[in-house]
Amino acid sequence: MRPDIPADHTSEAERLLRTAAQYPEDREPLLLQAAAHLELAGARDRATGLYDDLLTGAPDHPHLVKALKAANLWEYGHEAEARAIIDGLRIAEPLEPAPWEIVAETLEAHDELEAAHDSYTTALNLLLTPGEEVPYSAGSLLLGRHRLRRLLGLEHDDWDALGDQVNKTSVPLDELHDPKRLWALGSDNPAELRAEIARLRAELSSYRSALSRPFPVAVLHWPAAELTELLTAYPTLRTEYPSHETHLAQLESSLRELSSAGTPNLGIVTGTVPSYEAFAASESASPSDPTLLPQYATTLAARGRATSWPPARNASCWCGSGRTYRECHGAG
């Protein structure tokens, strides 16, 4: 369904809410989608209610929920509350890109350009280490900051140079982010118009590429207790998982190989035995069938259960060791 009018967005939100009630394990991503549709329908107070509902529990991504709530509140007149949430997020310094991007874009949308620039810069200093691979999810921070710096008339710095490197379009970022581009659309010069059409096509290609990968290419992670339960119930899967330590090492190795091969938007999904058994039942297959494992991982990713990989170096490692990624699996 592609909603085009408020009533369509409201209907889609109601459908997502019913689905969330039916599948409580996917409640958070479904409620976030429902809230987005309610915002587009103009029902921003209802969207805020959904964000509050999530925050009263223990959401997987509390900083993301708070950032979305702040952006929504500011749009319908609750500026003071939105600012307070944003200030709290900036102090909390979340180690994931999405909240920072929402905060920066919200500030920019309300002409707080310096604060938006500071948010982008703080996020990059927290999440990225110069000279190391840029996670797919952090690339948009570099591009957003580059665009904002062009708007502010600032000179290139090292982060802008890195943004040029991650730019996948055929047009340089300085051209894409030129604040004077709107003038070209009113030009009588055919060369200027052709150049602007080329830039628009490059942007469209980038957007289409992002839309073609709506969820990460994800690998399946089993926590130690879940893997023990899985192998006890289905011992034939021991050929896939000789030990938990081997499983973790193979998972990180697979992700690095995919990254080296140029695969963007990588992620990790965490499995549970009840969820896996339910998936097998839905496929009319036996949970002992190893060919179900990658299908299960893809299904979890499509349901919004993937965590972006690689994490920020100072973020907690994906394996649940309690150490930072830099100290744990990111050390290799």
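Going by the structure above, here's the rest.
These notes cover the structure that comes with them. In every chain, residue numbers begin from 1 and rise along the written sequence. Only residues with pLDDT of at least 70 are given local features in this predicted model, and only at 80 or more are side-chain atom pairs given and counted; all residues enter the totals for whole chains, interfaces and linings. Hydrogens and water molecules were not included; the side-chain quantities draw on all heavy atoms of the structure.

**Remarks on the overall build of the protein**
Convention followed: Under the scheme used here, helices are H or I runs from DSSP no shorter than 4 residues and strands are E runs no shorter than 2 residues, and both carry numbers assigned from the N terminus. Partly exposed residues are those whose accessible area sits between 20% and 50% of the maximum for their type, while under 20% is buried and over 50% is exposed, using a 1.4 Å probe and protein chains only. Contacts are assigned to residue pairs that have any heavy atoms within 4.5 Å of one another. Throughout, the Shrake-Rupley method with a 1.4 Å probe supplies accessible areas, and for residues the shown protein chains are the sole cover considered.
From N to C terminus, the protein includes 16 helices and three strands. Looking at the protein as a whole, 42% of its 332 residues qualify as buried. Expressed as a percentage of contacts within the protein between residues at least 6 apart in sequence, the contacts between residues at least 24 apart total 56%. Surface summary for the protein: the accessible area is close to 17,200 Å², and the carbon and sulfur share equals 53%.

**So, the environment of Asp178**
Of note, Asp178 is situated in the loop between helix H10 (173–176) and helix H11 (181–185). Judged by its relative accessible area of 28%, Asp178 is partly exposed. Between the C-alpha atoms of Asp178 and Leu151, which are 27 residues apart in sequence, the distance is 7.5 Å.

**Notes on the layout of surface pockets**
The line we're drawing: With a 1 Å grid laid over protein atoms only, a set of points is called a cavity when a 1.4 Å probe fits there but cannot get out and a pocket when it is open yet has protein on both sides within 12 Å along at least five of seven lines; lining residues have an atom within 4 Å of a point. Grid points are joined across faces, edges and corners, and a volume is the space filled by probe spheres set on the points. The classification used treats Ala, Val, Leu, Ile, Met, Phe, Trp, Tyr, Cys and Pro as nonpolar, Asp, Glu, Lys and Arg as charged, and all other residues, Gly among them, as polar.
Estimated volume of the second largest pocket: approximately 330 Å³. Around the second largest pocket, the lining comprises 14 residues; the ones closest to its centre are Val219, Leu220, Tyr241, Ser254 and Leu293. Of the residues that constitute the lining of the second largest pocket, the class distribution is nine nonpolar, four polar and one charged.

**Quick look at the packing of aromatic side chains**
The condition is simple: By convention, a stacked pair of Phe, Tyr or Trp rings (six-membered ring in the case of Trp) has centres within 6.5 Å and planes under 30 degrees apart, an edge-to-face pair has planes over 60 apart, and any other such pair is tilted.
Taken as a whole and judged by the stated rule, the model has four aromatic pairs. Centroid distance Trp222 to Tyr276: 5.9 Å. Interplanar angle 85 degrees. Geometry classified as edge-to-face. Within this pair, whereas Trp222 is found in the loop between strand E1 (217–221) and helix H13 (224–233), its partner Tyr276 is found in helix H15 (residues 273–282), the two being separated by 54 residues in sequence. Judged by its relative accessible area of 0%, Tyr276 is buried. For the pair Trp222 and Tyr296, a centre-to-centre distance of 6.1 Å together with 25 degrees between the ring planes defines the contact as stacked. Taken together, the residues Trp222 in the loop between E1 and H13 and Tyr296 in helix H16 (residues 292–302) connect sequence positions 74 residues apart. One exposure class covers both Trp222 and Tyr296, and it is buried. A network of ring pairs unites the aromatic residues Trp222, Tyr276, Phe279 and Tyr296 as a single cluster.

**A word on the sheet that holds E1**
To keep things clear, this is the line we draw: In short, DSSP must find at least two bridges between two strands for them to pair. Comment: axis = line fitted to C-alpha atoms, over the contacting stretch for helices; angle = value between 0 and 180 degrees taken between N-to-C directions.
Taken in spatial order, the three strands of this open sheet run E1-E2-E3, and their pairing is mixed. Single-partner strands in this sheet number two, and they are E1 and strand E3 (307–309). On average, adjacent strands in this sheet sit at an angle of 35 degrees to one another, irrespective of strand direction. Note: E1 against strand E2 (residues 266–270), five bridges, orientation parallel. Across the sheet, residue Val217 finds its bridge partner in E2, namely Leu266. Helix H14 (residues 244–260) rests against E1, E2 and E3 of the sheet, and its axis sits at about 170 degrees to E1. Sitting on the sheet, H16 touches E1 and E2, and the angle it makes with E1 is about 115 degrees.

**Concerning the pattern of salt bridges**
For clarity, the cut-off: One speaks of a salt bridge when a side-chain nitrogen belonging to Lys or Arg is within 4 Å of a carboxyl oxygen belonging to Asp or Glu.
All told, the structure shown has 17 salt bridges when counted by the stated rule. Taking the shortest distance from any N to any O, the salt bridge between Lys69 and Asp52 comes out at 2.6 Å. Of the two residues, Lys69 is situated in helix H4 (residues 62–75) and Asp52 in helix H3 (residues 44–56); the sequence distance between them amounts to 17 residues. Asp157 is the partner of Arg149 in a salt bridge, and the nearest nitrogen-oxygen pair spans 3.6 Å. Overall, the relative accessible area of 9% leaves Arg149 in the buried class. Looking at Asp157, the relative accessible area reads 24%, which means it is partly exposed. Members of the salt-bridge network, linked through shared partners, are Arg145, Arg149, Asp157 and Asp160.

**Details of the environment of Leu17**
Relative to the assigned elements, Leu17 resides in helix H1 (residues 6–22). Here the alpha-carbon distance between Leu17 and Leu31, two residues 14 residues apart in the chain, equals 6.5 Å. Not counting chain neighbours up to four residues away, the residues in contact with Leu17 comprise Leu31, Ala34, Arg46 and Leu50.

**Some remarks on helix H6 (residues 97–109)**
This is how the line gets drawn: Working rule for helices: expected span equals 1.5 Å times residues minus one.
Its 13 residues place the ends of H6 18 Å apart at the C-alpha level, agreeing with the 18 Å of an ideal helix rising 1.5 Å per residue. Contacts made by the buried residues of H6 are with H4, helix H5 (79–92), helix H7 (113–127) and helix H8 (139–152). Positive phi appears at Asp111, one or two residues downstream of H6, with a value of about 65 degrees.

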